[in-house]
Amino acid sequence: MAVGLSAIIDFLVSVCFSNTKFGNIAKAFFTIFTLIAVIAIYEFFSFNLENPVVMNNVVNWIITFNPVIMIPVIIIVLLIFILGCWLNSLLLKRENRTTRFKKTAINKKVTTPLRSLLKNETNRYFNSPSLMINTLIGPLGIVAMTGWLIIDQCKSILPLVSALGLPTDIVYLFIGLIFASLVDLTYPAAVSISLEGKQLWILRSMPISAGTVLTAKALFNIILVVPLIIICGIALQIGLKISILNLIIMMIIPCLTAVLISYAGVLVNLWFPKLEYENENTLLKQSTSAVIMMFAGIFLIFSLIGLSIWLLFCNLSFIVVAIILISILLIITALVIALSYTIGQRIFNHL
């Protein structure tokens, strides 16, 4: 049933959005919201199954194997699977016979190599639904978290902080760390070199320095999340009446994390490039660089959270703890950037 429903949804999305100007973006958002809806439905039924009476009925229904109920269910599932396979075959035929002609206007405007590369990264990202689906969870989570904090007015968090005997200002430090954890889920830079594939030689043959190429790939990842963090931070400042100092601390941690993740992603991808792959989903979910960045980001955030809690229980003030965390992030970020423009450039020139 899962395979059939997935094929049906893919067919509907492709037919409805492929011919629109922002079809790929709409396809990515539709898929993400469909996933969220499925999770919400699953959680709804899970909560209901906690009722012992309902759970006993479900177990008895499965054990007794009533043919009157099970045979129609099996038939419906098979029909969904068959329909999904048929629609998938139609979609493959449609993609094979469809040719799209586009008029390209000659642009006489002089541009810089960095701007051209950045535009290329942007076009590649927003023309790849699979890339957006796998990396937009972080930005959407930041927006959702901001909305919830403004509506809740931190009433769910402040009692917990007070019960632990921590200063109330520490809430904004933890919000910054939560934003940083969501930023860790947004790492297209970790596959940006691999996405060049067998056409990497074209990029290397251009009269563009390796440093410019690496900057463009890291800069797109930064632009993808940092402006959103700033906008959400301003919204929180207005909605929660946060002081300027707390606002800066809350925003600088995820912004530094975004820079770190971007350059670290490019550097790791240079060490572990995967230039031959069947499709982008394989690259995004199974490549060594993507897996390393995912677990490295999780380790970094949990380390910072654990360190901040330990320092707070050592009776250090909120400001001192924030300065220590920001200093650690600055040192690690500076080191990664330095490695990217030294060792990273040499590795890129030898790919």
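Residues numbered from 1 in each chain as written. Predicted model: local features only at pLDDT ≥ 70, side-chain atom pairs only at ≥ 80, totals over all residues. Heavy atoms only, no water.

## Things to note about the overall build of the protein chain
Alright, step 1. Summing up its helical and strand segments, the protein chain has 16 helices and zero strands in all.
Alright, step 2. Of all intrachain contacts in the protein chain linking residues separated by at least 6 positions in sequence, the fraction that spans at least 24 positions is 82%.
Alright, step 3. Total accessible area on the protein chain stands at roughly 20200 Å², and carbon and sulfur atoms take up 72% of it. (Helix = DSSP H or I, 4+ residues; strand = E, 2+ residues; numbered from the N terminus. Contact = heavy atoms within 4.5 Å. Areas by Shrake-Rupley, 256 points an atom, 1.4 Å probe, with all protein chains shown as cover.)

## A word on the packing of helix 9 (residues 170-183) against helix 12 (residues 244-271)
Alright, step 1. The geometry of helix 9 relative to helix 12 is characterised by a closest axis approach of 8 Å and an angle of 20° between their N-to-C directions. Here helix 12 runs roughly parallel to helix 9, going by the angle between their axes. Once helix 9 is placed against helix 12, the crossing between them reads as right-handed. Of helix 12, the residues touching helix 9 (which contributes Tyr-172, Leu-173, Ile-175, Gly-176, Leu-177, Phe-179, Ala-180 and Val-183) are Asn-246, Ile-249, Met-250, Ile-253, Pro-254, Thr-257 and Ala-258. (Axes fitted to C-alpha atoms, helices over the stretch in contact; angles between N-to-C directions. Parallel < 35°, antiparallel > 145°, perpendicular 65-115°, else oblique. Left-handed = near helix turned anticlockwise from the far one by under 90°.)

## Concerning helix 15 (residues 318-340)
Alright, step 1. Here helix 15 is 23 residues long and its end C-alpha atoms lie 33 Å apart, about the 33 Å a rise of 1.5 Å per residue gives.
Alright, step 2. For helix 15, the full list of buried residues reads Phe-318, Val-321, Ala-322, Leu-325, Ile-326, Leu-329, Thr-333, Val-336 and Ser-340.
Alright, step 3. For helix 15, the elements touching its buried residues are helix 9, helix 11 (210-240), helix 12, helix 14 (288-313) and helix 16 (343-349). (Expected span 1.5 Å × (residues − 1). Buried < 20%, exposed > 50% of the residue type's maximum accessible area, 1.4 Å probe, protein only.)

## Side note on empty space enclosed by the protein
Alright, step 1. For the coordinates displayed, the defined rule picks out one cavity of 30 Å³ or more.
Alright, step 2. The volume enclosed by the largest cavity comes to roughly 70 Å³.
Alright, step 3. Looking at the largest cavity, the residues that line it are Glu-121, Arg-124, Tyr-125, Leu-131, Pro-188, Ala-189, Val-191, Ser-192, Leu-195, Lys-217 and Phe-220.
Alright, step 4. Among the elements of the structure, helix 5 (113-126) and helix 11 are those that each provide at least two residues to the lining of the largest cavity. (1 Å grid on protein atoms, 1.4 Å probe; cavity = no way out; pocket = protein on both sides within 12 Å on 5 of 7 lines; lining within 4 Å. Points joined across faces, edges and corners; volume = space filled by probe spheres on them.)

## A short note on the side chain of Thr-135
Alright, step 1. Position of Thr-135 relative to the elements: it lies in helix 6 (residues 129-135).
Alright, step 2. For Thr-135, a relative accessible area of 2% translates into the label buried.
Alright, step 3. Engagement of the side chain of Thr-135 in a polar contact is seen with the backbone oxygen of Leu-131, the distance being 2.6 Å.
Alright, step 4. Apart from residues no more than four positions distant in its own chain, Thr-135 is found in contact with Tyr-125, Leu-185, Thr-186, Tyr-187 and Pro-188. (Polar contact = N/O pair within 3.5 Å; in protein donor to acceptor, adjacent residues only side chain to side chain.)

## Quick look at the side chain of Asn-269
Alright, step 1. By secondary structure assignment, the location of Asn-269 is in helix 12.
Alright, step 2. Side-chain polar atoms of Asn-269 contact the side chain of Ser-289, separated by 3.3 Å.
Alright, step 3. Dropping the residues within four chain positions of it, Asn-269 is found in contact with Ala-189, Ala-190, Val-191, Ser-192, Ile-193, Ser-194 and Ser-289.

## Looking at the packing of aromatic side chains
Alright, step 1. The tally for this structure, following the rule as stated, stands at three aromatic pairs.
Alright, step 2. With 5.1 Å between their ring centres and 90° between their planes, Tyr-125 and Phe-126 make a pair best called edge-to-face.
Alright, step 3. For Tyr-125, a relative accessible area of 1% corresponds to the buried category.
Alright, step 4. Each residue in the set Tyr-125, Phe-126 and Phe-220 is aromatic and connected to the rest through ring pairs, giving one cluster. (Phe/Tyr/Trp six-rings, centres within 6.5 Å; stacked < 30°, edge-to-face > 60°.)

## With respect to the pattern of salt bridges
Alright, step 1. Inspection of every chain in the model, using the stated rule, returns four salt bridges.
Alright, step 2. Residues Glu-121 and Arg-124 are paired through a salt bridge, measuring 3.4 Å at the closest nitrogen-oxygen approach. Remark: Arg-124 and Glu-121 occur in helix 5; sequence separation between them is three residues, near one turn of the helix.
Alright, step 3. For Glu-121, a relative accessible area of 8% puts it in the buried group.
Alright, step 4. We note a salt bridge from Glu-196 to Arg-124, for which the minimum N-O separation is 3.0 Å. With Glu-196 in the loop between helix 9 and helix 10 (200-205) and Arg-124 in helix 5, this pair connects stretches of sequence that are 72 residues apart.
Alright, step 5. Through salt bridges with shared partners, one network takes in Glu-121, Arg-124, Glu-196 and Lys-217. (Salt bridge = Lys/Arg side-chain N within 4 Å of Asp/Glu carboxyl O.)

## Considerations on unusual backbone geometry
Alright, step 1. Of note in this structure, Lys-241 is not a glycine but carries a positive phi near 55°.
Alright, step 2. Topologically, Lys-241 is positioned in the loop between helix 11 and helix 12.
Alright, step 3. Residue Asn-315 is not a glycine yet carries a positive backbone phi of 65°.
Alright, step 4. Its place among the elements puts Asn-315 in the loop between helix 14 and helix 15.

## Remarks on the confidence of the model for the protein chain
Alright, step 1. In the predicted model, the protein chain carries a mean pLDDT of 81, and the fraction of residues at 70 or more is 84%.
Alright, step 2. When mean pLDDT is compared element by element in the protein chain, helix 15 scores highest at 93, while helix 3 (residues 52-64) scores lowest at 65.
Alright, step 3. Contacts from residues 97-104, a stretch scored under 50 in pLDDT, to residues over four places away or in other chains number one contact. (pLDDT = per-residue confidence, 0-100.)

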